[in-house]
Amino acid sequence: MHIRTIFIMTLSIAMVGCSVKNLESSQQSNKVEMLLATMTLEEKVGQMTQIDFSVIAGQGDELIDQAKLIDAILTRHVGSILNTPNNKAQSVEDWRKVIHTINSVTEKSRLKIPVLYGIDAIHGASYTKNSTLFPQAINMAATFNPELSGKEGEITAQEIRVSGLQWNFSPVMDIGRQPLWSRLWETYGEDVHLASVLGSAYIKGYQGDDISAPNKGLTCLKHYVGYSVPNNGKDRTPAWISERMLREYFLPSFEAGIKAGSPTIMVNSGEVDGIPGHANYHYLTTILRGELGFKGVAVSDWEDIKRLYVRDKLASSPKEAVKIAVMAGVDMSMVPFDYSFYDLLIELVKSGEVPMARIDEAVRRILTVKDQAGLFKGTPLPLSVDEYFATQASTATNLQAARESIVLAKNSQNILPLKKDAKILITGPTANSLSVLNGGWTLSWQGDNDSLLPKDKLTVYGALQKKSTSKVTYIGGASFGDKIDIKKAVEAAKDQDIIVLCLGEKPYTETMGNIPSLNIDQAQVELANALFATGKPVVLVILGGRPRIITEQAENASAVLLGFLPGMEGGVAIADILYGDYNPNGKLPISYPRNTNDIVLYDHKPIENFDTNSYTPLYPFGHGLSYSQFKTSGLTIDKPHYKMGEPIHISVNVTNTGSIKGKETVLVYLNDMAATVTRPNKQLKAFKKVELNPQQKENITFTLTPNDLSFIGVDLKRLVEPGDFKVMVGSETAQFLVTE
Ligand code: BGC
């Protein structure tokens, strides 16, 4: 039977008795089926091919080489292009030109299938000049505020749509349980529940109810799955994750992202249990499709199909690498520099080594996602800059996110807030730099191209200077690595009331950020020691993507502010907190280690807190001070005894016992008191952030579901076991029993 006939029959069956909504979705899927039926093998494999912008890049002022673009689209039929030209942020106008040029060539193609452009807009539109650059994910986690995460998604979508872009390789749903890892800061921290809630909120904000709306777009969950716990701490090195651990700690956040509606997923660039992410049929097909029901596109990470051959020696040739990855479940290859994937996959289909059905499956997914994104509706006019790009409202949201993301870890004798007329010495490698506030993926991949940074944003020094009514003295090097003149700093300290010492890390990401130890570098230790020796009170401000060891410095300091990577408004936010113009409320989304090798996480097993073992981080997960005090009281559970499957209702009061207004996050932890697989001493199951006036008391209720009580059992299946459970909120605990 002719393919067209099959299509018409399907359409007539689909139309019998269907509602308008069903009709719309069946028309959409029919569009995809119709296209698929007319596509050649080359056109199909082209859709599965994603190239880097450099493949079509022009020379000099010409961003695009027309001949290369024509080759990519008309000859190789590429379905997707990624990345920013010349590895640096472009103006809105240049982005619009790029997208327009690509679309005008697509228009000339036989089937006019639009190219899907992908970009890493991981903390705002990070490759568009002057965009709103938010705190990085580790900071967003410290806000414990899903509403802000949703807003970040909403604003990021708008700002990349202004540039004509749409597909965002974000959010990172990996769980950050290896503090040495150079991408820890791209995660929402060490807790599964927190990451799931914040990532889902981001996706919903970014995509809204209709991904094809002019101010919305496609998100991408990454890096599926098990990327974030390399054993030796270095990026792209082996992780050893048992099936139970995978299901307990690493799958749930991806499951949440899929439920939140993300239609694309990027594959883990490393390996788990000896199987590279891109070769793992069990993860990519059995679990992702079979169990999690994911219907969207699985895109490879950078060059990773080739690496099955060149790096992993899993494949004996580049061609075998393509076969393994495609058959494992990768739908689109981020090749990214050539057409080898395209050529080899065509050969593999012609020789019968890869069945056409697998190609159709992948292309169907890709076209469906393009359809969901509204790409077939024609190119919409990009959103207006005035209304949607770096508006005052988005800057205000960004500032709020930065403020809520900073953790006041220590405040001896209430040395903070500072008086505006205090004489301050500010020094240290992170005191006067915008890039250290932002980290990697900021206007360039590594975030270290200072020439691209906006001129009107304030560093910590700049922001302090602006607010101070007295003198702020700055002693620093010109850039991060420059040695600071310690003698000069000590000399300058003599006339001051207080020293603000800014330590931390320079920006980095991926393998470029690999380090052998969490210790801070010697130059910073020496500077700190010399300044402590002056006897002046020191406020320590730490900036950077992972918890570098500051145990000694924190002990000697009067106050400690953990800023992580608070984004473009981070300098102002830090100054607001130091001067008390903002009451801090960030809480740690990770356990801050005391020593480099003592990495115990908050949800550790009983054995990690037994005999001589203990959980003694410098600061625990959830730690964070305020200029007010909060008290939780009256923790109650609606009944002492539940039948399996019933929801558990919890109620607790929180009171602001301080003298100023402030925000507090109430954290609800659960412990399964005896089980057939050892259970963590506690696990976060719910949280809520409230703002309270002095002496204001609020009653908060939470509902735990059977899923919250469950774990991965001996047979690797999720279950709830009857028995006693303990709920912990603040210093209070309560118990309940579950029976069959
Ligand atoms: C990173 C991904 C990123 C991709 C595209 C890779 O090297 O691992 O997180 O999305 O590059 O830029």
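All figures in this text were calculated on a predicted structure; none of them were measured in a lab. (Residues numbered from 1 in each chain as written. Predicted model: local features only at pLDDT ≥ 70, side-chain atom pairs only at ≥ 80, totals over all residues. Heavy atoms only, no water.)

(A) Quick peek at the overall build of the protein. If you tally the helices and strands in the protein, you get 23 helices and 26 strands. Computed over its C-alpha atoms, the radius of gyration of the protein comes to 27 Å, within 12% of the 27 Å expected for a compact globule of 740 residues. Projected onto the principal axes, the alpha-carbon positions of the protein cover approximately 85 × 70 × 50 Å. Going through the 740 residues of the protein one by one, you find that 60% of them count as buried. Put simply, the protein shows about 28400 Å² of open surface, and 52% of that area lies on carbon and sulfur atoms. For the protein, the distance from the average site of its 74 positive side-chain charges to the average site of its 80 negative ones is 2 Å. (Helix = DSSP H or I, 4+ residues; strand = E, 2+ residues; numbered from the N terminus. Rg over C-alpha atoms; globule rule 2.2 N^0.38 Å. Buried < 20%, exposed > 50% of the residue type's maximum accessible area, 1.4 Å probe, protein only. Areas by Shrake-Rupley, 256 points an atom, 1.4 Å probe, with all protein chains shown as cover. Lys, Arg positive; Asp, Glu negative; His and termini not counted. Charge placed at Lys NZ, Arg CZ, Asp CG, Glu CD.)

(B) Representation of the nonpolar core in the model. Core analysis: the largest hydrophobic core is formed by 160 residues, its most contacted members being Ile 102, Tyr 117, Tyr 224, Leu 345 and Leu 562. Leave out the neighbours within four places in its chain, and Leu 345 touches Val 45, Met 48, Val 322, Val 326, Val 354 and Ile 359. Membership of the second largest hydrophobic core comes to 42 residues, among which are Leu 133, Leu 418, Leu 453 and Ala 573. (Core = buried A, V, L, I, M, F, W, Y, C linked by side-chain atoms within 4.5 Å. Contact = heavy atoms within 4.5 Å.)

(C) How the structure looks around the side chain of Asp 301. Within the secondary structure, Asp 301 is located in the loop between β9 (297-299) and α11 (304-310). A polar atom in the side chain of Asp 301 sits 3.5 Å from the side chain of Arg 236. In this structure, Asp 301 is in contact with His 223, Arg 236, Met 266, Val 267, Ser 269, His 278 and Met 334, ignoring residues within four places of it in sequence. (Polar contact = N/O pair within 3.5 Å; in protein donor to acceptor, adjacent residues only side chain to side chain.)

(D) Structural context of the domain arrangement of the protein. By domain assignment, the protein separates into domain 1 (39-383), domain 2 (392-607) and domain 3 (628-739). Look at where the C-alpha atoms of domain 1 and domain 2 centre, and you get two points 33 Å apart. In this assembly, 47 residues from domain 1 lie in contact with 48 residues from domain 2. For the pairing of domain 1 and domain 2, the buried interface totals around 3900 Å² over both sides, and the portion due to carbon and sulfur atoms is 60%. In this structure, Glu 510 engages Arg 236 in a salt bridge whose closest nitrogen and oxygen atoms are separated by 2.7 Å. Among the elements of the structure, α6 (137-143) and α7 (146-162) are those that each provide at least two residues to the side of domain 1 that touches domain 2. (Domains from an automatic or database assignment. Buried area = accessible area lost by both parts, 1.4 Å probe. Salt bridge = Lys/Arg side-chain N within 4 Å of Asp/Glu carboxyl O.)

(E) Examining the pairing of strand β26 (residues 732-739) more closely. Relative to β26, strand β18 (residues 641-643) runs parallel, the two sharing three bridges. The residue bridging Tyr 642 from the neighbouring strand is Val 738, located in β26. Examined bridge by bridge, strand β25 (residues 723-729) and β26 share seven bridges and lie antiparallel to one another. Its bridge partner being in β26, Phe 725 is matched across the sheet by Phe 736. (Pairing = 2+ DSSP bridges.)

(F) Highlighting the sheet that holds strand β19 (residues 648-656). Strand order across the open sheet formed by three strands is β17-β19-β22, with antiparallel pairing between neighbours. Two strands lie at the open edges of the sheet, namely β17 (630-637) and β22 (697-704), each paired on one side alone. Geometrically, the sheet is characterised by an average inter-axis angle of 20° between neighbouring strands, direction not taken into account. When β19 meets β22, the two strands line up antiparallel, connected through eight bridges. Bridge pairing in β22 links Ile 648 to Leu 704. (Axes fitted to C-alpha atoms, helices over the stretch in contact; angles between N-to-C directions.)

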